[in-house]
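Report on the structure
The residues making up each chain are set out below.
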Amino acid sequence: MIVVTGATGHLGRLVVADLLERGIPASQIVAAVRDTGKAADLAAQGVEVRRADYDDPQSLKEAFAGAQKVLLISASVVGQRVPQHKNAIDAAVAVGVPFLAYTSILKADTTGVALAGEHKETEAYLAASGLAYALLRNSWYTENYTGSAAAAIAAGTVLGSAGTGRVGAVPRADYAAAAAAVLTSDGHAGQAYELAGDEPFTMAEYAAELARVSGKSVTYSDLPADAYAEALTGFGLDAGYAAALADADLGIARGDLASDSGDLARLIGRPTTSLADAVRYAL
């Protein structure tokens, strides 16, 4: 039995779909979710739905009971992840889960990106837990950019603080396929996979791709990190999150969110999705 936490989230749904496409019987997949009402479509496919709240240790134990493998998708609220992840890891230990895969961040052990702090702490806790585990260290999602592509095209500008740094971003579906591959094959215990696109791109290249697809002028405007964070808050983002995103752009400038490991392509058995295709799919 394979348990996927956060199964009604963007990434979790894609993992469940990929497991089904790989021929895993729906009855052998558990969607562990905080709100079971949001998983009615998964239940209709025969997937077992169990309540699992990262803040409720008992619910996690019940959700993980009988699991052979658990995918722990990192919690979404920055600043609360470490205690929530510890609850999930403790629950997996308590019920004897044989293997757990955790979605971390690229180069978690060496990156200077502030958002990596909680992932690094989670990785250390996992290493000390005694569980057999694998680390799925994901780079950025292209959806982080294409989600606002229409607004960027309308404004004619992509904003950022990444300079000429390259980011190994790919669509969530690529990371979901990698997770499903790890969950449906053996030999992954003890591995830390650095997952990123084969062809990292600059923000100027992203802007140029938006221009190519839309037929309109779109350029990249590189800002100081504090000015970029201020612009993001002007778009309605929380100030703390805006600062974290601006910091991540500085990480991109340093090369922290790109990797030539090739791990992602090897796990999914194909080249990673190109920037051109990612933009085309999004628009």
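Up top you'll find the structure we're talking about.
Residues numbered from 1 in each chain as written. Predicted model: local features only at pLDDT ≥ 70, side-chain atom pairs only at ≥ 80, totals over all residues. Heavy atoms only, no water.

Attention shifts here to unusual backbone geometry. Phi angles above zero are rare outside glycine, and Lys-107 is one such case at about 55 degrees. Mapped onto the fold, Lys-107 is located in the loop between β5 (99-105) and α5 (116-129). (Helix = DSSP H or I, 4+ residues; strand = E, 2+ residues; numbered from the N terminus.)

The next thing to look at is the environment of Ser-148. Here Ser-148 lies in the loop between α6 (143-146) and α7 (149-155). A relative accessible area of 41% means that Ser-148 is categorised as partly exposed. For the pair Ser-148 and Ala-244, spaced 96 residues apart in sequence, the C-alpha separation works out to 18 Å. (Buried < 20%, exposed > 50% of the residue type's maximum accessible area, 1.4 Å probe, protein only.)

Time to look at the packing of aromatic side chains. Tallying each qualifying case throughout the model produces three aromatic pairs. Between Tyr-141 and Tyr-175, the aromatic rings sit 5.6 Å apart at their centres with planes inclined by 55 degrees, giving tilted as the arrangement. Here the residue Tyr-141 occupies a position in the loop between β6 (133-138) and α6, and Tyr-175 occupies one in helix α8 (residues 172-183), the gap between them amounting to 34 residues. Between Tyr-145 and Tyr-206, the ring centres sit 5.7 Å apart and the planes meet at 45 degrees, which makes this aromatic pair tilted. (Phe/Tyr/Trp six-rings, centres within 6.5 Å; stacked < 30°, edge-to-face > 60°.)

Across the sheet, seven strands lie side by side as β3-β2-β1-β4-β5-β6-β8; this open sheet has parallel pairing. Edge positions in the sheet fall to β3 (48-51) and β8 (192-195), since each has one partner strand and no second. Strand-to-strand twist of the sheet, defined as the mean angle between neighbouring strand axes without regard to direction, takes the value 20 degrees. Bridge analysis of strand β2 (residues 29-33) against β3 gives four bridges, and the strand direction is parallel. Considered in β3, the bridge of Val-33 is made with Arg-51. Contacts from α5 reach β5 and β6 within the one sheet, and its direction differs from that of β5 by about 160 degrees. (Pairing = 2+ DSSP bridges. Axes fitted to C-alpha atoms, helices over the stretch in contact; angles between N-to-C directions. Contact = heavy atoms within 4.5 Å.)

Take the packing of helix α3 (residues 57-64) against helix α4 (residues 81-94) next. At a minimum axis distance of 8 Å, the contact between α3 and α4 shows a crossing angle of 45 degrees. Considered as vectors, α3 and α4 are oriented oblique to each other. You can see that α3 and α4 cross each other, and the crossing is right-handed. For the pair α3 and α4, the contacting residues are Pro-57, Leu-60, Lys-61 and Phe-64 in the first and Asn-87, Ala-88, Ala-91, Ala-92 and Ala-94 in the second. Partitioning the contact of α3 with α4 into residue classes produces seven nonpolar, one polar and one charged. (Parallel < 35°, antiparallel > 145°, perpendicular 65-115°, else oblique. Left-handed = near helix turned anticlockwise from the far one by under 90°. Nonpolar A, V, L, I, M, F, W, Y, C, P; charged D, E, K, R; others polar.)

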